[in-house]
Amino acid sequence: MTEPKKLYVRTFGCQMNVYDSERMSEALGADGYVQTDDIEDAELVVLNTCHIREKAADKVYSDLGRIDQIKRRREAAGQEMTIAVAGCVAQAEGAEIIARAPQVGLVVGPQSYHRLPELVRRAGAAGHLVDTEFPEEDKFAHLPERTTGAAAGGRMLPAGPAAAFLTVQEGCDKFCTFCVVPYTRGMEMSRPVAAIAAEARRLVTRGVRELTLLGQNVNGYHGDGPDGRPWSLAQLIAHLAGIEGLERLRYMTSHPRDMTDDLIGAHRDIEKLMPYLHLPFQAGSDRILAGMNRKHTANDYVRIIDRVRQARPDIALSTDIIVGFPGETEAEFEATLDLVRTVRFAQAYSFKYSPRPGTPAASLDRQVAPEVAAGRLERLQKLLGDQQSSFNAGCIGKVFPVLFEKPGKHAGQLVGRSPYLQAVHATAEADLLGKILPVEISAASFRSLAGVVRMA
């Protein structure tokens, strides 16, 4: 019997990359690959990359240098290794990756990974291959049926036996001046409702209890519904909520311009939709927001949040914020702090502005000095950290339904997620994995909660 080929996948960046890594692993699994956690043992290494910030791209090249040493050792021992760079860095830089790192055999963009087995074979025959086209066919229709738990990584909610990601929309038409997504992921494309529901049902049969619906602009979803008309994200959520065995739904990442009345109403009306909303505002200054081409004002954002809280008073809010956008003054940065104080967030992700080649903002004058941006980020993160700690502390004494997803670091401990996406640690038996149980919160830190399972 032929030994299976070993595959190692490393994921950088967003939740959609976690989903994409799972799908790439499944496509390669259908071609005879099995995953390994030991890169030294891999015949194929796939780096699924992120191009949102410069450091993420730099880390890819740093990793490629280390992987090259492993590749050389394997080849000296008569063992093969193919290195593939996938994802948004691959799409943005294409053949430049092979020019800088000739050990790379395959460069493949995020719209072509459904053809990975074929591309790996062609790269092996040719020595090097670059495929960063935007093919006409629907890649999702050419992928094998879903499995779960294939990839590791991600900055929010890892996919696993009880929770999974499901991409429903890709690309973006907003063209924020700081963002590479329209250039690396293409224009907005929404999957049909029937295809999404079929994938969701397959995941539920494998034990998934919670789905996070993904898209670069997920609340701009407009996929074809069973009635032949475009459906909104709210309609899709209501449809998926009817799947027996699926207990929880989430979605990310959203744009303020697409927070429609029916989506806000879904937070009030659909019990399975968790009380958590990730809605980036990026900056608190209207002039900076205009320079970013966000097409909303700070006051627009506050009014949206007011409506969301009227619909679901207990909702937890998360956001993305950029400091140091070109031309940002101290007063404009203070406007960002003021907006954070007004809204109050349970979680947030904040970054220094990073010029991305090819984006309009990269060529703007008045780039903010790195040390100034770093100082502003430190002040912002202090405020956000205080708000997150306060939100978590306010959970002590409350009882939350917690979906247990994985073993904890200590014996006899499980880790799950609250409705508000907080990690919750509790003493519990392993047979409770995949179950949703009431947990009384007894302690809180900045990053997580701890509690006691209250069995009926």
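Here goes a summary of the coordinates provided. None of the values given here were measured: they were computed from a predicted structure.

### Quick look at helix 8 (residues 233-240)
Next, step 1: Listed in full, the buried residues belonging to helix 8 are Leu233, Ala234, Leu236, Ile237 and Leu240. End-on, the buried residues of helix 8 take up no more than an arc of 160°, which puts them together on one face.
Next, step 2: Those residues of helix 8 that are buried are in contact with helix 7 (193-205), strand 10 (210-214), strand 11 (248-252) and helix 9 (261-269).

### Some words on the sheet that holds strand 17 (residues 413-417)
Next, step 1: The strand order 16-17-18-20-19 describes a closed barrel built from five strands, whose pairing is mixed. When strand polarity is set aside, the average angle formed by the axes of neighbouring strands in this sheet is 55°.
Next, step 2: Here strand 17 pairs with strand 18 (residues 423-427) via five bridges, running antiparallel. Residue Leu414 lies in a different strand from strand 18, and its bridge partner there is Ala426.

### Side note on the pairing of strand 14 (residues 320-323)
Next, step 1: Residue alternation in strand 14 divides its side chains into two sets, Asp320 and Ile322 and Ile321 and Val323, and both sets are buried.
Next, step 2: What joins strand 14 to strand 15 (residues 349-352) is helix 12 (residues 330-343), and the crossover it makes is right-handed.

### Topic: the packing of helix 12 against helix 13 (residues 370-393)
Next, step 1: Where helix 12 meets helix 13, the axes come as close as 10 Å, and the angle between the chain directions of the two elements is 10°. On the basis of the axis angle, helix 12 is roughly parallel to helix 13. In contact with Glu330, Phe333, Glu334, Thr336, Leu337, Val340 and Arg341 of helix 12, helix 13 contributes Arg376, Arg379, Leu380, Leu383, Leu384 and Gln387.
Next, step 2: When the residues that make up the contact of helix 12 with helix 13 are grouped by side-chain class, the tally is six nonpolar, two polar and five charged.

### Here's the deal with the pattern of salt bridges
Next, step 1: Applying the stated criterion across every chain, the model contains 34 salt bridges.
Next, step 2: Two residues, Lys382 and Asp386, come together in a salt bridge whose shortest N-O distance is 2.7 Å. Of this pair, Lys382 and Asp386 both sit in helix 13, four residues apart, which is roughly one turn of that helix.
Next, step 3: The class for Lys382 is exposed, based on a relative accessible area of 52%.

### A short note on the packing of aromatic side chains
Next, step 1: The tally for this structure, following the rule as stated, stands at six aromatic pairs.
Next, step 2: Ring plane angle 75° and centroid distance 5.8 Å describe the contact between Phe175 and Tyr183, whose orientation is recorded as edge-to-face.
Next, step 3: What makes Phe175 partly exposed here is its relative accessible area of 30%.
Next, step 4: Between Phe325 and Tyr353, the aromatic rings sit 5.4 Å apart at their centres with planes inclined by 70°, giving edge-to-face as the arrangement. Highlighted residues: Phe325 in the loop between strand 14 and helix 12 and Tyr353 in the loop between strand 15 and helix 13, separated in sequence by 28 residues.
Next, step 5: A residue is classified by how much of its surface remains accessible, and Tyr353, at 12% relative accessible area, is buried.
Next, step 6: By way of ring pairs, the aromatic residues Phe281, Tyr301 and Phe345 are connected into one cluster.
Next, step 7: Its end group placed over the ring of Tyr61, Arg100 keeps NZ or CZ at 3.6 Å from the ring centre.

### Details of helix 9
Next, step 1: Along helix 9, the residues that are buried comprise Leu263, Ile264, Gly265, Ala266 and His267.
Next, step 2: Packing partners of the buried residues in helix 9 comprise helix 8, strand 11, strand 12 (276-278) and helix 11 (298-311).

### Some words on unusual backbone geometry
Next, step 1: Looking along the chain, the bond that leaves Met252 and enters Thr253 is cis, with omega of 5°.
Next, step 2: The backbone of Asn293 shows a phi angle near 65°, a positive value even though the residue is not glycine.
Next, step 3: Secondary-structure assignment places Asn293 in the loop between helix 10 (286-291) and helix 11.
Next, step 4: The backbone phi angle of Arg344 is positive, close to 65°, even though this residue is not glycine.
Next, step 5: Here Arg344 is to be found in the loop between helix 12 and strand 15.
Next, step 6: Take Arg344: its relative accessible area is 42%, and that puts it in the partly exposed class.

### A few points about the sheet that holds strand 1 (residues 5-11)
Next, step 1: Strands sit in the order 2-1-3-4-5-6 across an open sheet of six strands; the sheet is parallel. Since the sheet does not close on itself, it has two edges, and those belong to strand 2 (33-35) and strand 6 (129-131), each with one partner. Direction aside, the axes of adjacent strands within the sheet are offset by 20° on average.
Next, step 2: Pairing analysis gives three bridges linking strand 4 (residues 82-87) to strand 5 (residues 106-108), with the strands arranged parallel. Note on strand 5: the bridge partner recorded for Val85 is Val107.
Next, step 3: Along the sheet face, helix 1 (residues 15-29) touches strand 1, strand 2, strand 3 (44-49) and strand 4 and points at about 155° away from the line of strand 3.
Next, step 4: Along the sheet, helix 5 (residues 116-126) contacts strand 2, strand 3, strand 5 and strand 6; its crossing angle with strand 5, the most-contacted strand, is approximately 150°.

### As for the environment of Ala194
Next, step 1: If you trace the backbone, Ala194 turns up in helix 7.
Next, step 2: Assessed through its relative accessible area of 54%, Ala194 is described here as exposed.
Next, step 3: Distance in space between the C-alpha atoms of Ala194 and Leu236 is 9.7 Å, their sequence separation being 42 residues.

### Here we look at the nonpolar core
Next, step 1: Membership of the largest hydrophobic core comes to 56 residues, with the highest contact counts inside it found for Leu240 and Tyr251.
Next, step 2: With seven residues, the single largest contributor to this core is helix 11.
Next, step 3: If sequence neighbours within four positions are ignored, Leu240 has contacts with Ile196, Ala197, Ala200, Leu213, Leu246 and Leu249.
Next, step 4: In this structure, Phe404, Val424, Leu432 and Val439 belong to the second largest nonpolar core, which totals 43 residues.

### With respect to a nonpolar patch on the surface
Next, step 1: Nonpolar side chains collect at one region of the surface, where Phe175, Tyr183 and Met187 lie side by side and expose about 280 Å² of accessible area between them.
Next, step 2: Following the sequence through the fold, Met187 ends up in the loop between helix 6 (181-184) and strand 9 (189-190).

Cut-off values and rules
- Residues numbered from 1 in each chain as written.
- Predicted model: local features only at pLDDT ≥ 70, side-chain atom pairs only at ≥ 80, totals over all residues.
- Heavy atoms only, no water.
- Buried < 20%, exposed > 50% of the residue type's maximum accessible area, 1.4 Å probe, protein only.
- Helix = DSSP H or I, 4+ residues; strand = E, 2+ residues; numbered from the N terminus.
- Arc of directions from axis to C-beta.
- Contact = heavy atoms within 4.5 Å.
- Pairing = 2+ DSSP bridges.
- Axes fitted to C-alpha atoms, helices over the stretch in contact; angles between N-to-C directions.
- Right-handed = clockwise from strand over helix to strand, strands pointing away.
- Parallel < 35°, antiparallel > 145°, perpendicular 65-115°, else oblique.
- Nonpolar A, V, L, I, M, F, W, Y, C, P; charged D, E, K, R; others polar.
- Salt bridge = Lys/Arg side-chain N within 4 Å of Asp/Glu carboxyl O.
- Phe/Tyr/Trp six-rings, centres within 6.5 Å; stacked < 30°, edge-to-face > 60°.
- Lys NZ or Arg CZ within 6 Å of the ring centre and 35° of its normal.
- Core = buried A, V, L, I, M, F, W, Y, C linked by side-chain atoms within 4.5 Å.
- Patch = residues over 30% accessible without salt bridge, like charges linked within 9 Å, V, L, I, M, F, W, Y side chains within 5 Å.
- Areas by Shrake-Rupley, 256 points an atom, 1.4 Å probe, with all protein chains shown as cover.

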